[in-house]
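As a plain string of letters, each chain reads:
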Protein chains: 2
Amino acid sequence: MTYCCGVLVREGLVMVADTRTNAGLDNISTFRKLHVFSKPGDRILAVASAGNLSISQSVLSTLTEGLENAETGERETLISASSMFQAAQLIGRAIRHVNATEAQALKAEDINYEVSFLFGGQIRGERMRLFMIYPAGNFIECTIDTPYLQIGEHKYGKPVLDRAITFDVELYEALKTSLISMDSTMRSNLGVGLPIDVLVVRTDVCDADLNHRIEAGEPYFHDLRSRWSAALRAAHKNIPRPPYKDQA
Amino acid sequence: MTYCCGVLVREGLVMVADTRTNAGLDNISTFRKLHVFSKPGDRILAVASAGNLSISQSVLSTLTEGLENAETGERETLISASSMFQAAQLIGRAIRHVNATEAQALKAEDINYEVSFLFGGQIRGERMRLFMIYPAGNFIECTIDTPYLQIGEHKYGKPVLDRAITFDVELYEALKTSLISMDSTMRSNLGVGLPIDVLVVRTDVCDADLNHRIEAGEPYFHDLRSRWSAALRAAHKNIPRPPYKDQA
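Residues numbered from 1 in each chain as written. Chains lettered and ligands numbered in written order. Predicted model: local features only at pLDDT ≥ 70, side-chain atom pairs only at ≥ 80, totals over all residues. Heavy atoms only, no water.

In the annotation of an unreviewed UniProt entry, chain A is listed under the name Peptidase and assigned to Rhodopseudomonas palustris.

Encoded structure:
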């Protein structure tokens, strides 16, 4: 399982991703799912992946090695894409390209070959953008109205995002909320786990403000988890008991 | 969509269920999903349903009209079941019985015919029990270790149950937590909505302590929702900002 979320606010972009993978419950490993491609000052692009690991890794390798554009004959890589939109299209094409060779065999074995991606970042001269790319290679873009996107195990961590995230939230507040969302997900789904990779990018800087891995036992995240638990217990306690009387 | 949860604590049983049904997003209605069968002082049995409404209603009608037991030749109803375990088995048989006549035609139309049930209550002389009955008619029973079960849209409302519910929680605290869980679900899934049906049963009473419908605009539930929102915002605010510096 996987949980990744991306938050796009006025001040910039936050992406967080767990690192737990499992091929069955008896085969659990740690793999990086958040990948950052950057030319500091010119562009920073980040890709977070969910779904079949062999497919998502092949898609990433394809994005790095390059994929021939049938129209232009050029070999396109993520780092050389001329716009965020064209980079998102390239990821979609890379998914379809890998599926064309891999999907049939996996389907025959009844193995889920679907992958999805969050793709965010900024290319100098453009605005910061965040996309979610679906297993078929189509994609949607994050907008001001709902300034976050999620892939993988998205439900447990959604309520806290729904309540706390708006486009005007400060950048590191958005990171804090993303980490609370990750905590809720980790509590309810063992398939999502530490370490957590975190990327924070300030608007118009075209470089990482923070590119960090939160390891197990790291004091701030540990403290965040206990404070959030304690605060929820207190919040819960402070709500009065239901006053209902039987009306049957 | 649907959300129902049942909580089994030392002091008794809580069941809550929403009432929203939809046949597509453009066809939304209100139907009761929490059904109570009781002979006060002798037994109280409650069934909450999720899934295909035509199937779940037919299962309920079957449980009321009775289903012939192939071994004994007797016609068995829920209200006449001799134990909670046998009542749970009867519900499983009723699901299979209805599926035998209905499922094929629905499958042919690519309509999901699956249903699941929470079944809880007490028969005098037995302990209070709570079961979850799966679409195939098999079932599991709630135990002290995880004293709640959910059907339908279960993920959004699970974190709050995971944090707050233990077997020793007081009965109306358990109701409060169930209502917060319902609130989280309603906020994130429009397919779950008011009114909410609530049942509270005290251990060894074999009658409802509370059998109540929470309508839209009802002051306590409205207050619970705003207090919970405000408390979450405050809890969120009180957690310090991440102290991370870029280590890339």
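With that settled, the discussion passes to the interface of chain A and chain B. Taken together, the contact pairs 51 residues of chain A with 51 residues of chain B. Carbon and sulfur atoms supply 58% of the area buried between chain A and chain B, which totals about 4700 Å² over both sides. Our count for the contact surface shared by chain A and chain B stands at eight salt bridges. Salt-bridge contacts for R241(B) lead to E173(A); the nearest nitrogen and oxygen are separated by 2.8 Å. (Contact = heavy atoms within 4.5 Å. Buried area = accessible area lost by both parts, 1.4 Å probe. Salt bridge = Lys/Arg side-chain N within 4 Å of Asp/Glu carboxyl O.)

This part takes up helix α1 (residues 53–65) of chain A. Residue and element names in this part refer to chain A. Helix length check: α1 (13 residues) gives 18 Å between terminal C-alpha atoms against 18 Å at 1.5 Å per residue, within 8%. Those residues of α1 not exposed but buried are I55, S56, V59, L60, T62 and L63. Each buried residue of α1 lies within a common arc of 160 degrees when the element is viewed along its axis, so the set occupies one face. The exposed residues of α1 that point more than 90 degrees off its buried face are T64 and E65. Taken together, the buried residues of α1 touch β5 (34–39), β6 (43–51), β7 (67–68), α2 (84–108) and β9 (115–123). Looking one or two residues beyond α1, the residue adopting positive phi is G66, at roughly 105 degrees. (Helix = DSSP H or I, 4+ residues; strand = E, 2+ residues; numbered from the N terminus. Expected span 1.5 Å × (residues − 1). Buried < 20%, exposed > 50% of the residue type's maximum accessible area, 1.4 Å probe, protein only. Arc of directions from axis to C-beta.)

Moving on, we get to the sheet that holds strand β1 (residues 3–9) of chain B. Residue and element names in this part refer to chain B. If you walk across this open sheet you meet the five strands as β12-β1-β2-β13-β14, and the pairing is antiparallel. Edge positions in the open sheet fall to β12 (148–152) and β14 (208–214), since each of these has one partner strand only. Neighbouring strand axes in the sheet, compared pairwise and without regard to direction, differ in orientation by 10 degrees on average. In this sheet, β14 lies alongside strand β13 (residues 196–202) in antiparallel orientation, the contact comprising six bridges. Its bridge partner lying in β14, V198 is registered against H212. (Pairing = 2+ DSSP bridges. Axes fitted to C-alpha atoms, helices over the stretch in contact; angles between N-to-C directions.)

With that settled, the discussion passes to the environment of A164(A). Here A164(A) shows up in helix α3 (residues 158–164). When the C-alpha atoms of A164(A) and S178(A) are compared, they prove to be 9.7 Å apart, with 14 residues separating the residues in sequence. In this view, A164(A) contacts V169(A), T177(A) and H236(B); residues no more than four positions away in its chain are not counted.

All right, on to the state of the cysteines then. In a disulfide, the sulfur atoms of two cysteines are held together by a covalent bond. In the structure shown here, the tally under the stated rule is zero disulfides over all chains. Here C142(B) stays free of any disulfide, with the sulfur of C5(B) as its closest cysteine sulfur at 10 Å. (Disulfide = S-S within 2.5 Å.)

Bringing the sheet that holds strand β10 (residues 129–133) of chain A into the picture now. Residue and element names in this part refer to chain A. The five strands lie next to each other as β5-β6-β9-β10-β11, forming an open sheet whose pairing is antiparallel. With partners counted over all chains shown, the strands left at the sheet margins are β5 and β11 (139–141), one partner each. Between one strand axis and the next, the sheet turns by 15 degrees as a mean value, whatever way the strands run. Two elements, β9 and β10, share five bridges in a ladder whose sense is antiparallel.

Time to look at the relation of the copies chain A and chain B. Mapping chain A onto chain B calls for a rotation angle of 180 degrees and an axial translation of 0.0 Å; the resulting RMSD is 0.0 Å. Put plainly, the chains are arranged around a two-fold axis. For chain A, the minimum C-alpha distance to the rotation axis belongs to Y156(A) and amounts to 2.6 Å. Here 100% of the interface residues in chain A have copies in chain B that are interface residues too; the copies meet face to matching face. (Least-squares fit on C-alpha atoms with pLDDT ≥ 70 in both.)

As for its placement among the helices and strands, S229(B) is situated in helix α5 (residues 219–238). Between the C-alpha atom of S229(B) and that of D18(B), which follows or precedes it by 211 residues, the distance is 20 Å. The contacts of S229(B), once residues within four sequence positions are left out, are R163(A) and R187(B).

Taken as a whole and judged by the stated rule, the model has four cavities of 30 Å³ or more. Partitioning the lining of the largest cavity into residue classes produces 10 nonpolar, three polar and two charged. When its volume is computed, the second largest cavity comes out at roughly 50 Å³. Around the second largest cavity, the lining residues are V160(A), R163(A), A164(A), W228(A), L232(B), R233(B) and H236(B). Going through the elements one at a time, α3 of chain A together with α5 of chain B are the ones with two or more residues in the lining of the second largest cavity. A class-by-class count of the residues in the lining of the second largest cavity yields four nonpolar, one polar and two charged. (1 Å grid on protein atoms, 1.4 Å probe; cavity = no way out; pocket = protein on both sides within 12 Å on 5 of 7 lines; lining within 4 Å. Points joined across faces, edges and corners; volume = space filled by probe spheres on them. Nonpolar A, V, L, I, M, F, W, Y, C, P; charged D, E, K, R; others polar.)

Attention now goes to the pattern of salt bridges. All names here are of chain A. Using the criterion set out here, one finds 38 salt bridges over all chains in the structure. The salt bridge involving D162 is made with K158; its shortest N-O contact spans 3.0 Å. With D162 and K158 both in helix α3 and four residues apart, this pair spans about one turn of that helix. Under the relative-accessibility criterion, K158 is labelled buried at 18%.

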